[in-house]
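Coordinate inspection notes
Take a look at the letters that make up each chain.
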Amino acid sequence: MSLTESLDPRFNRLILGNAQIEVLAENCRWLEGPVWFADHGLLLFSDIPNNRVMRWCAGQVSVFQSPSDFANGHARDREGRLLSCLHHGRAVTRRELDGRVTVLADRLAGKRLNSPNDVTVQPGNGAIWFTDPIYGITTDYEGGKQESERPPALYRLGPDGRLSVAADDFIGPNGLAFSPDERRLYVTETGDQFDPATERHIRVFDVEENGHLRHGRVFARISPGYADGIACDEAGNLWCSAGDGVHCLSPEGETLGKIHTGGTVANLAFGGRHRSRLFLCAGTRLLALHTNTRGAHEPFANRP
Ligand code: MG
């Protein structure tokens, strides 16, 4: 199956002419939340409506955790521990090295979070940033209908353990990614899931030393479909999920090229031995494509 569409000569240096899209897993319900474990050579990813987290390792697919509390997005902290966004549990958790689970955030000012969607870790200071839209509590399919107690928001859990609202002018804050220099934070706005006319775009913020965000602005709009999960490569290009696969955008927001998968991609992550393999959560299937770029460094790989 093919494949790539170059819209800018710069894209030709990011992809491999003879690399194919590989199907690593299929017959799932709806995949999101891929996270790479270089130390084990495996990828974890969420099959949300099936209430399970899957594991791909050495060509084999198996169940990592079931039930998963309808886990969605994942990341690893600076110690390499797994962070999970739980729709049904309405929390962000950390899996300790002995397997115990610690709740890192589940409420603010006495009000419960909605359904944390996606999470990323700021490499330099270990701050945990996550989004909290209502998608996981508006249907039974991806978590279970529950009442919302707080408006959708982007949160920052500081290295001191303090949880704060970083931005609250979203309808549906979703995927998020830091630029390699950590001076920019990209956040996708995926709007009202029941309103086709809702505004959907990728926003970018300048990140200050103290963790405050400044100059929030629309970075790009993705069509067809919209961007859910996003990931930066080492050069600062933003790889965005889209209705027809993946779009690669320059740091200036120009579309450099596309990967056509024949359908919607919801989330993506760089992984593999050199972080140059792009794993795609594409509906019921997990796909992968070797590229000629590398994902921005993992937080725990940056530590001195
Ligand atoms: Mg998402």
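Here goes a summary of the coordinates provided.

Cut-offs and rules
Residues numbered from 1 in each chain as written. Predicted model: local features only at pLDDT ≥ 70, side-chain atom pairs only at ≥ 80, totals over all residues. Heavy atoms only, no water. Helix = DSSP H or I, 4+ residues; strand = E, 2+ residues; numbered from the N terminus. Rg over C-alpha atoms; globule rule 2.2 N^0.38 Å. Buried < 20%, exposed > 50% of the residue type's maximum accessible area, 1.4 Å probe, protein only. Areas by Shrake-Rupley, 256 points an atom, 1.4 Å probe, with all protein chains shown as cover. Lys, Arg positive; Asp, Glu negative; His and termini not counted. Charge placed at Lys NZ, Arg CZ, Asp CG, Glu CD. Core = buried A, V, L, I, M, F, W, Y, C linked by side-chain atoms within 4.5 Å. Contact = heavy atoms within 4.5 Å. Polar contact = N/O pair within 3.5 Å; in protein donor to acceptor, adjacent residues only side chain to side chain. Donors = N, O, S within 2.8 Å, 3.2 Å for Na, K, Ca; no water. Pairing = 2+ DSSP bridges. Salt bridge = Lys/Arg side-chain N within 4 Å of Asp/Glu carboxyl O. Axes fitted to C-alpha atoms, helices over the stretch in contact; angles between N-to-C directions.

1. Examining the overall build of the protein
Summing up its helical and strand segments, the protein has zero helices and 27 strands in all. Its C-alpha atoms give the protein a radius of gyration of 17 Å, near enough to 19 Å, the size a compact globule of 304 residues would have. Seen along its three principal axes, the alpha-carbon backbone of the protein occupies a region of about 55 × 45 × 45 Å. Here the protein, with 304 residues, has 58% of them falling under the buried criterion. A total of about 12,800 Å² of accessible surface is found on the protein, and carbon and sulfur atoms cover 46% of it. Taken together, the 33 basic and 38 acidic charged side chains of the protein have centroids lying 4 Å from each other.

2. Here we look at the nonpolar core
Core analysis: the biggest nonpolar cluster contains 20 residues, and Phe11, Trp239, Val246, Ile259, Leu268, Leu278 and Leu280 have the highest contact counts within it. Elements with a contribution of two residues or more to this core: strand E23 (245–249), strand E24 (255–260), strand E25 (267–271), strand E26 (277–282) and strand E27 (285–290). With three residues, the top contributor of residues to this core is E26. Once residues within four sequence positions are removed from consideration, Val246 is found in contact with Trp239, Cys240, Gly257, Lys258, Ile259, Val265, Leu268, Leu278 and Leu280. Membership of the second largest hydrophobic core comes to 16 residues, among which are Val92, Ala105, Val121 and Phe130.

3. Looking at the side chain of Ser115
With respect to the secondary-structure elements, Ser115 resides in the loop between strand E12 (111–112) and strand E13 (119–121). Owing to a relative accessible area of 0%, Ser115 belongs among the buried residues under this scheme. In terms of polar contacts, Ser115 uses its side chain to reach the backbone amide nitrogen of Gly136, at 2.9 Å. Setting aside residues no more than four positions away along its own chain, Ser115 makes contact with Leu86, His87, Asp132, Pro133, Ile134, Tyr135, Gly136 and Ile137.

4. What about the coordination of the magnesium ion?
Looking at the magnesium ion, the protein donor atoms are Asn117 (OD1), Asn174 (OD1) and Asp228 (OD), and they sit 2.1 to 2.3 Å from it. According to the relative accessible area criterion, Asn117 is buried, its value standing at 3%. Its relative accessible area of 3% is what places Asn174 among the buried residues.

5. A few points about the pairing of strand E4 (residues 42–47)
Counting buried residues in E4 gives six out of six residues, a clear majority hidden from the surface. Burial along E4 is two-sided: Leu42, Leu44 and Ser46 and Leu43, Phe45 and Asp47, pointing in opposite directions, are all buried. The sheet contact formed by strand E3 (residues 31–37) and E4 spans five bridges and is antiparallel. By the bridge assignment for E4, Phe37 is matched with Leu42. If you look at the hairpin formed by E3 and E4, you'll find four residues sitting between the two strands, and Gly41 has a positive phi there, around 65 degrees. Here six bridges tie E4 to strand E5 (residues 52–57), and the two strands are oriented antiparallel to one another. Across the sheet, the residue bridging to Phe45 is Met54, located in E5. Counting the residues between successive antiparallel strands, the hairpin from E4 to E5 contains four residues, one of them, Asn51, with a positive phi of roughly 55 degrees.

6. Some details on the pattern of salt bridges
Oppositely charged side chains can form a pair if their charged atoms are brought close together. All told, the structure shown has 16 salt bridges when counted by the stated rule. Between Arg76 and Asp39 there is a salt bridge, with the nearest N and O atoms lying 3.0 Å from each other. Highlighted residues: Arg76 in strand E7 (residues 71–76) and Asp39 in the loop between E3 and E4, separated in sequence by 37 residues. For Arg76, a relative accessible area of 4% corresponds to the buried category. One salt bridge connects Arg203 with Glu189, and the closest N-O pair in it is separated by 3.7 Å. With Arg203 in strand E19 (residues 201–207) and Glu189 in strand E18 (residues 184–189), the pair connects residues that are 14 residues apart, well separated along the chain. The burial state of Arg203 is the same as that of Glu189; both residues are buried. Taken together, the salt bridges that share partners define one network made up of Asp77, Glu79, Arg81, Arg94 and Glu96.

7. Digging into the sheet that holds strand E2 (residues 22–25)
The four strands lie next to each other as E2-E27-E26-E25, forming an open sheet whose pairing is antiparallel. Both edges of this open sheet fall to E2 and E25, since each of them pairs with a single strand only. On average, adjacent strands in this sheet sit at an angle of 30 degrees to one another, irrespective of strand direction. Bridge count between E26 and E27: six bridges; the pairing is antiparallel. Bridge pairing in E27 places Leu280 opposite Leu287.

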